Amino acid sequence: MGHSTPSFLLLSLILLSGTVALSFCNADPNVGCMDIERKALLKIRDGLTDPSDRLSSWVGVDCCKWRGIGCNETTGRVDSLNLRNPYVDGSESDDGTLHALGGEINPSLLVLKDLLYLDLSMNNFGGLELPSFIGSLEKMTYLNLSGASFGGVIPANLGNLSKLLHLDLSNNAIESDLRWLPSLSSLQFLHLGGADLTKAAPYWLPTVNMLPSLLELRLPGCGLSILPPTLPRINFTSLSVLDLSANYFNSTLSPWLFNLTQLVNLDLSLNNLNGELPETLGSLTHLKNLDLSENSDIGGQLPRNLGMLCNLQSLKLSINKVTGEITEFIDSMSRCTNSSLERLDLGFNSLAGNLPNSLGLLKKLRFLKLWQNSFQGSIPESIGNLTSLEEFYLAQNKMGGVIPESFGQLSSLVAVDLSENTWEGVVTEAHFLKLRSLEEVTIQKASPNISLVFNISSAWIPPFKLTYLYLRSCQLGPTFPTWLRNQTELVTVVLNNARIADTIPNWFWQLDLLLDELDVAYNQLTGNVPNSLRFSNLANADLSSNHFEGPLPLWSPNITTLYLRDNQFSGPIPSNIGDVMPSLTDLDISRNGLSGSIPLSLGNLSLLTTMVLSNNYLSGEIPHFWNSIPDLYIVDMSNNSLSGTIPRSMDSLISLRYLILSNNNLSGEVPSLRNCTGMKSLDLGDNKFFGNIPAWIGESMLSLLILRLSSNSFTGSIPSQLCGLSSLHILDLSHNNLSGHIPHCVGNLSGLKTSVISDTDTSYLYQGKLKVVAKGRVQDFDSTLYLVNSLDLSSNNLSGEMPRELTSLIKLWTLNLSMNHLTGVIPSRIGSMELIETLDLSINQLSSSIPPSMVSLTFLSHLNLSYNNLSGKIPTGNQFNSLVDPSIYEGNAALCGYPLPDCQVNGGTPQGPSGGGEDNGFEMLGFIISMVIGFVIGFWGVCGSLVINKSWRKTYFHFTDKMIVACIRKYQRRQEI
């Protein structure tokens, strides 16, 4: 009985508390909300726009039950107002914009005098200024207006909120001088990301340092620009999060940063910080996340004690200039009792050396990004221990060797990129054994050389479902990979240069994939291509350089780039191609067997920028639909059988850069294309155009790099306006009927004097193909076209002298002035054209001697000076010692010296008349008498015997006929070459 009394009392208390609770539950629910506050909330609601009725629950008497409203349990007064847009955190396609509140904030908010918590974040107030009356809510401890599209200046009376603990005004179009900030002495969290704080840049750090309770400071993208090197006394010693990213600091890492020993997160990314990483980084022993990425100029080696930060979970140093090896860092990190490292991003630096075997001890590693460095060696065998690894990026290094089979143990791997290394050996099913989570695989090389072979059984069923497969210059063939049969979730399929010599099986076409990219170019695939493929928005398809045949496929309207060049497709271009695929921006169906006319529906491709129809059997006229394709950048219809004239509507293509219509049957005069002012290449060669060369080419197309008008019927003179094309590096006007002189202003073609285009400029340029006469024969240039510097005016009726200004074109490779009527001398300074490889001045009327300066042309490999009136001795030395074909100089009777006969006659070089004297007179008389006697004896000795002897006469004339025919054939062959 001694214990019964306390038990009874305990039971009584429990029953009593239950009775009180029951009485409270049965109380009148209408007393929970003050009427004055309910009316104030309704006014606030009426001032807001609410497109999705998020505030539809704001009805009834008890406002404490309304969505987003919180009340004090004791007083019933409203103490929290949470109107944050919750839909931005979801996966809806509108990103929450359809659910965003807007309008105005009614001053009735001040009625809520006990308001502690206000959150209006992620709404859209359309640039509305931050309400200044918020500064009167002096009990406020939490204020979040982030991402709500407020604007203007942060009101200074926010400094009245002395009890504020949390302030987030990030991601608004606001500005401030921060003069009000020190008054918030209790502040623990401050986020002003994206605010314009440039006015506070000189003093922002001392201002923030006056907040002793601060735990998190986030000022990314605020235009602070100045990172003070010193801070005499740190007041915010408890700071655990510091984000100063994207402020364009241009300095070294300030020493005071490393006195913040409580830091857990430090983000200084996206600045212009420079210098080496200091050893004092090791003092931040609590650090979990360190981000110094995208500073570009942080260099030096990794600090030795960086690997001792055993709490480190994320290290980002990408896009800097860090050098050295990572072995010591990885070794140190792996010695941590329980290494926490989950993310290591060292990409886009200058790191070198091998990946250490200790890498496999970092077993919590989830993201490993080492791409764009100079790592060497192979992937360590220990890589298989990283069973938590989700992303592995090694692209753009100098690694090689065999990929270890332990790679197949990475059971959590989602994405891998091993591109642009020199992997060797064989990939088998073992490399994918446990990769159940794998979704993205990228192994590509720009080089077509293949050293990695996939040898996978046709019966193998992968354990994964890929969405992204990008394999370039890896051998998967010769048969089409059957292990793709169950890959029903593929979105990107690239099997480029995979040595597949097969038909694409029907099961692949029937996978019902929704693709954003299909690239099987540079294989030996055959068969017809069905129309059944489906593509998502902005999709790309490249089936180039195969042996596909049949009609051109027509795919879904979402496809934007279509490359089907270099196949065996035949028949007409589908008449409805522009209706079925209206979103096309790039169309290349060149080098096929397509016939018929160009369909008018191509004019419906209003977004088209590239139209390449070359090397087919297309006929008919060029359609007049160019006004409806305003953004065309490239038009290439060369090597077809098109006829008619160039449509005048092409002048509307103001974005056109490349117009290539060569080798057709086009005729007429060239219409005005004055509006195509950005033209880079104009190739109208091998057609039947006539009339004068338009002067507007030199007046309007000032960016022209290539002008080819050869093999037409142009007449008149070369317009001097062409000399204004300062970027021109290929000019071909050969095989026309041009007359007059070569303009002396030819020396103004500065594109043939200096390098106008660099290698970096050409990465985005369409090169096309161009026929250039070089080294005595016609050559096709494509990818190296930007390197060719050529001037060809051959096979015209040009007269006059060679302008001295030609010799200033010192970057010229090829100069061809043959088969004209040029007179005078070869300019004496021609030796200054030091890069010239091909020089053809044949079949003109040039006279005098070969300039000695030509010996300086050390790159000269093809020279033709035949059939002129040149005289004197052929120079010797340098390239002339290798130019030993006598045909180079034939047809110049007064030339002598190697490889022609020596110039010595009676012990001396032939001399012209010296001006008289008796001795010379007697010598000349004796010479004349000798000539007469020799002629009589020679003539009658030969001709007399032919007159007398019939059989000799027949034999002689038969021999003569054969010699004439042989000479004619030899000359014709040279002309063809």
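Here goes a summary of the coordinates provided. Since we're looking at a predicted model, the values are computed, not measured.

### Concerning the overall build of the protein chain
Item 1. Within the protein chain one finds 9 helices and 61 strands.
Item 2. Classification of the 977 residues of the protein chain by burial places 49% in the buried group.
Item 3. Within the protein chain, contacts between residues at least 6 apart in sequence are counted, and of these 55% link residues at least 24 apart.
Item 4. Looking at the protein chain as shown, the accessible area adds up to about 44200 Å², and 53% of this sits on carbon and sulfur atoms.

### Focus on the pattern of salt bridges
Item 1. Under the counting rule described, the total for this entry stands at 19 salt bridges.
Item 2. For Asp 732, the salt bridge identified is with Arg 708, shortest N-O distance 3.9 Å. Pair noted here: Asp 732 is in strand 49 (residues 730-732) and Arg 708 is in strand 47 (residues 706-708), with a separation of 24 residues, a long-range link. For the pair Asp 732 and Arg 708, a shared accessibility class is recorded, and that class is buried.
Item 3. If you follow the salt bridges from partner to partner, you end up with Glu 37, Arg 77, Asp 114 and Lys 139 in one network.

### Some points on the sheet that holds strand 18 (residues 321-323)
Item 1. Reading across from one edge, 14-16-18 is the order of the 3 strands in this open sheet, with parallel pairing throughout. Two strands lie at the open edges of the sheet, namely strand 14 (274-276) and strand 18, each paired on one side alone. When strand polarity is set aside, the average angle formed by the axes of neighbouring strands in this sheet is 5°.
Item 2. Looking at chain direction, strand 14 and strand 16 (residues 297-301) are connected through 3 bridges and run parallel. Looking at strand 16, one finds that Gly 275 is bridged to Ile 298.

### A look at the state of the cysteines
Item 1. The full count for this structure, using the stated rule, is 5 disulfides.
Item 2. Two residues share a disulfide in this structure: Cys 64 and Cys 71, whose sulfurs sit 2.0 Å from each other. When the S-S torsion is -100°, as for the bridge of Cys 64 with Cys 71, the disulfide is left-handed.
Item 3. Paired through a disulfide, Cys 723 and Cys 745 show a sulfur-sulfur distance of 2.0 Å. An S-S torsion of about 65° defines the bridge between Cys 723 and Cys 745 as right-handed. Taken together, the residues span a long stretch of sequence, with Cys 723 in the loop between strand 48 (713-716) and strand 49 and Cys 745 in the loop between strand 50 (737-741) and strand 51 (770-774) at a distance of 22 residues.
Item 4. Each bonded cysteine of the protein chain is numbered by sequence order, and under that numbering the disulfide pairs are 1-2, 3-4, 5-6, 7-8, 9-10.

### Here's the deal with the side chain of Thr 207
Item 1. By secondary structure assignment, the location of Thr 207 is in helix 3 (residues 204-208).
Item 2. Residue Thr 207 is classed as buried on the basis of its relative accessible area, which comes to 9%.
Item 3. The residues contacting Thr 207, other than those within four sequence positions of it, are Leu 178, Leu 181 and Pro 182.

### With respect to the pairing of strand 26 (residues 422-427)
Item 1. Direction of pairing for strand 24 (residues 400-402) relative to strand 26: parallel, over a ladder of 3 bridges. Along strand 26, the bridge assignment pairs Gly 401 with Trp 423.
Item 2. With 3 bridges joining them, strand 26 and strand 28 (residues 452-454) adopt parallel strand pairing. Residue Gly 425 lies in a different strand from strand 28, and its bridge partner there is Leu 452.

### Considerations on the nonpolar core
Item 1. Ranked by size, the top nonpolar core spans 253 residues in total, and within it Leu 109, Phe 392 and Tyr 889 carry the most contacts.
Item 2. Setting aside residues no more than four positions away along its own chain, Phe 392 makes contact with Leu 368, Ile 379, Ile 383, Phe 407, Leu 413, Ala 415, Val 416, Asp 417 and Leu 418.
Item 3. Leu 705, Ile 730, Val 772 and Val 788 belong to the second largest nonpolar core, which has 7 residues in total.

Rules of the game
Residues numbered from 1 in each chain as written. Predicted model: local features only at pLDDT ≥ 70, side-chain atom pairs only at ≥ 80, totals over all residues. Heavy atoms only, no water. Helix = DSSP H or I, 4+ residues; strand = E, 2+ residues; numbered from the N terminus. Buried < 20%, exposed > 50% of the residue type's maximum accessible area, 1.4 Å probe, protein only. Contact = heavy atoms within 4.5 Å. Areas by Shrake-Rupley, 256 points an atom, 1.4 Å probe, with all protein chains shown as cover. Salt bridge = Lys/Arg side-chain N within 4 Å of Asp/Glu carboxyl O. Pairing = 2+ DSSP bridges. Axes fitted to C-alpha atoms, helices over the stretch in contact; angles between N-to-C directions. Disulfide = S-S within 2.5 Å. Core = buried A, V, L, I, M, F, W, Y, C linked by side-chain atoms within 4.5 Å.

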